[in-house]
Amino acid sequence: MKLTKEFTTLEKSAVKLTVTISKKDVEETYNSTLAKYVKNAQIPGFRKGHVPASVLERKYGDALKSDTLGELIDKSFSEIFDKEEEYRPLPYAQPMMEEAPVLDVKKDLTYSVTYDVFPKVEVKDFAGVNVKEAQVTVTDDDVAEELKNMQERNAMVIDSKDGVVAKDNIVTMDYCEIDADGKEVADTKRDGFVFTVGSGENIYKIDDDIIGMKKDETKEIAKDDKKIKVTIKAVKIRDIPALDDDFAQDCNEKYKTLADMKADIKNNMEVAKNRRVRELKNNSLLEQLVEKYPFDIPASMLAAELDGRWNMMAQQFQTSPEQLEKMILASGQTKEAMLKEWTGDSEKMLKSRIIVDSLIRSKNISVTPEEIEEQYKKIAEEGNMSLDEVKKHYSDPRAKEYLIDDTKENKLYDEIYKEVKVSKGDKLSFKELFEQR
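Residues numbered from 1 in each chain as written. Predicted model: local features only at pLDDT ≥ 70, side-chain atom pairs only at ≥ 80, totals over all residues. Heavy atoms only, no water.

## Here's the deal with the overall build of the protein
- Helix and strand counts for the protein stand at 13 helices and 11 strands.
- Relative to the compact-globule value of 22 Å for 437 residues, the protein shows a C-alpha radius of gyration of 32 Å, a clear excess of over 25%.
- Taken along its principal axes, the extent of the C-alpha atoms in the protein is 90 × 70 × 45 Å.
- Counting only residues that meet the buried cut, the protein has 37% of its 437 residues in that class.
- Excluding contacts between residues fewer than 6 apart, the proportion of contacts in the protein whose partners are at least 24 apart in sequence is 69%.
- One way to put it: in the protein the 72 positive side-chain charges average out to a point 4 Å from where the 89 negative ones average out. (Helix = DSSP H or I, 4+ residues; strand = E, 2+ residues; numbered from the N terminus. Rg over C-alpha atoms; globule rule 2.2 N^0.38 Å. Buried < 20%, exposed > 50% of the residue type's maximum accessible area, 1.4 Å probe, protein only. Contact = heavy atoms within 4.5 Å. Lys, Arg positive; Asp, Glu negative; His and termini not counted. Charge placed at Lys NZ, Arg CZ, Asp CG, Glu CD.)

## Notes on the sheet that holds strand 4 (residues 109-116)
- Reading across the sheet, the four strands line up as 1-2-4-3 and stay open at both edges, with antiparallel pairing between neighbours. Among the strands making up the open sheet, the edge pair consists of strand 1 (3-9) and strand 3 (96-97).
- Bridge count for strand 3 against strand 4 is two bridges, and the pairing is antiparallel. In the strand pairing of strand 4, Met 96 is matched with Thr 114. (Pairing = 2+ DSSP bridges.)

## Points about a negative patch on the surface
- Where like charges cluster on the molecular surface, the negative patch consists of Asp 244, Asp 245, Asp 246, Asp 250 and Asp 260.
- Ranked by the residues each element gives to the negative patch, the list is headed by helix 5 (residues 245-251), at three residues.
- Along the polypeptide, Asp 244 turns up in the loop between strand 10 (226-239) and helix 5. (Patch = residues over 30% accessible without salt bridge, like charges linked within 9 Å, V, L, I, M, F, W, Y side chains within 5 Å. Areas by Shrake-Rupley, 256 points an atom, 1.4 Å probe, with all protein chains shown as cover. Salt bridge = Lys/Arg side-chain N within 4 Å of Asp/Glu carboxyl O.)

## Quick look at the packing of aromatic side chains
- For the structure on display, the rule yields 12 aromatic pairs.
- Measuring from ring centre to ring centre gives 6.4 Å for Tyr 413 and Tyr 417, while their planes differ by 25°; the resulting arrangement is stacked. Here the two residues Tyr 413 and Tyr 417 agree in accessibility, since each one is buried.
- Look at Phe 430 and Phe 434: their rings are 4.9 Å apart centre to centre, the planes differ by 55°, and that puts the pair in the tilted class.
- Given a relative accessible area of 14%, Phe 430 falls into the buried group.
- Taken together, Phe 77, Phe 81, Tyr 111 and Tyr 115 form an aromatic cluster joined through their ring pairs.
- When the ring centre of Tyr 417 is taken as reference, the NZ or CZ atom of Lys 281 above it lies at 4.2 Å. (Phe/Tyr/Trp six-rings, centres within 6.5 Å; stacked < 30°, edge-to-face > 60°. Lys NZ or Arg CZ within 6 Å of the ring centre and 35° of its normal.)

## Description of the nonpolar core
- Core analysis: the biggest nonpolar cluster contains 36 residues, and Leu 285, Leu 289, Ile 355, Leu 359 and Val 420 have the highest contact counts within it.
- Listing elements by their share of this core, those giving two or more residues are helix 6 (258-292), helix 7 (299-316), helix 8 (321-330), helix 9 (335-362) and helix 12 (397-416).
- By residue number, the principal contributor to this core is helix 9, which donates nine residues.
- Residues in contact with Leu 289, not counting those within four places in the same chain, are Val 123, Phe 126, Val 129, Ile 355 and Leu 359.
- In this structure, Val 15, Val 26, Phe 81 and Tyr 111 belong to the second largest nonpolar core, which totals 28 residues. (Core = buried A, V, L, I, M, F, W, Y, C linked by side-chain atoms within 4.5 Å.)

Here's what the structure looks like:
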């Protein structure tokens, strides 16, 4: 196919592609399409395959031109993007045609489409970038706090003896909104909802309002200009186990004593601390690079990211995206307002990803099989696992690809920190470290 193409860059990493296809190709494609019609057409008075082309053109002229246009555009796209890398469309949205072209078999065909492309950013240097490294020590109190959490996670959940709702109880309840006449508001009913009182993990934030209620009791609660009818179906408590050697052995057979478990917990916390300190360093670095080298995120890429976050939130609430929207509306919010609130963080995260990808390519960062072997050993050591267990996990192609990408990123950061000034940051407790953003 003989064609010419012209790319024009637009705002927000969009591109306008203008394509002109030679009249020879237009005519040949039209004749080929017409031949297919002739071969397959069945019209009363004519044998199949013997309908005159002129008859078909009069009867199916618009369809012939539409099919020809579609084939010309598809073939030209395939030819252009078979080799084109720089201006390849992103997969999140289809290219949009400004206006439908008019087909004239005696003339060249010109059409234009606009679409989003992967953003370009070039990090030239790290001048002015300063990163601080948090100073954190894992203490015995931190280990004690983790032991307490493990006791709670391993607690038996049993029925409350008195059935009265109190803070930290696990409650099962039915609820719905009701109107001024006491009738149920459509699409607000939820049966068998389970949550821990005091966690705030319910859409109406009625933790304090149900304290003191008893099993099978129903109550109407006024909340933010709404009335919620609540029925308590079950009240349960956690039976906390004693902190001793038996508890350690119950948690994991590799522990012989409570002291063994404490030592392992401290080791795991040290690993988590180091990983989190590095993560915060990397986040600070990327935030500064995003500020230093500004660029726009394509609208379709941002929309896909926000849609992904919305679907993830629906999964967390164990509901569908559609039902989540109804629940959000019932609480006085809107999906649009929430997506708008998320936009800033989502843009920063996408820009950070793009900068990392750009730097990995520009610095030709790669990993060798030997480096991956070293990663296996490190993971085994940090996780108290055997090397065979680690290799079995990463025998899955997706998991191994993730490890390769992660290793590339770590190599990139190691190179960057040779050029970037890193100074001591604030002293933080283990808990404070994980509260940092």
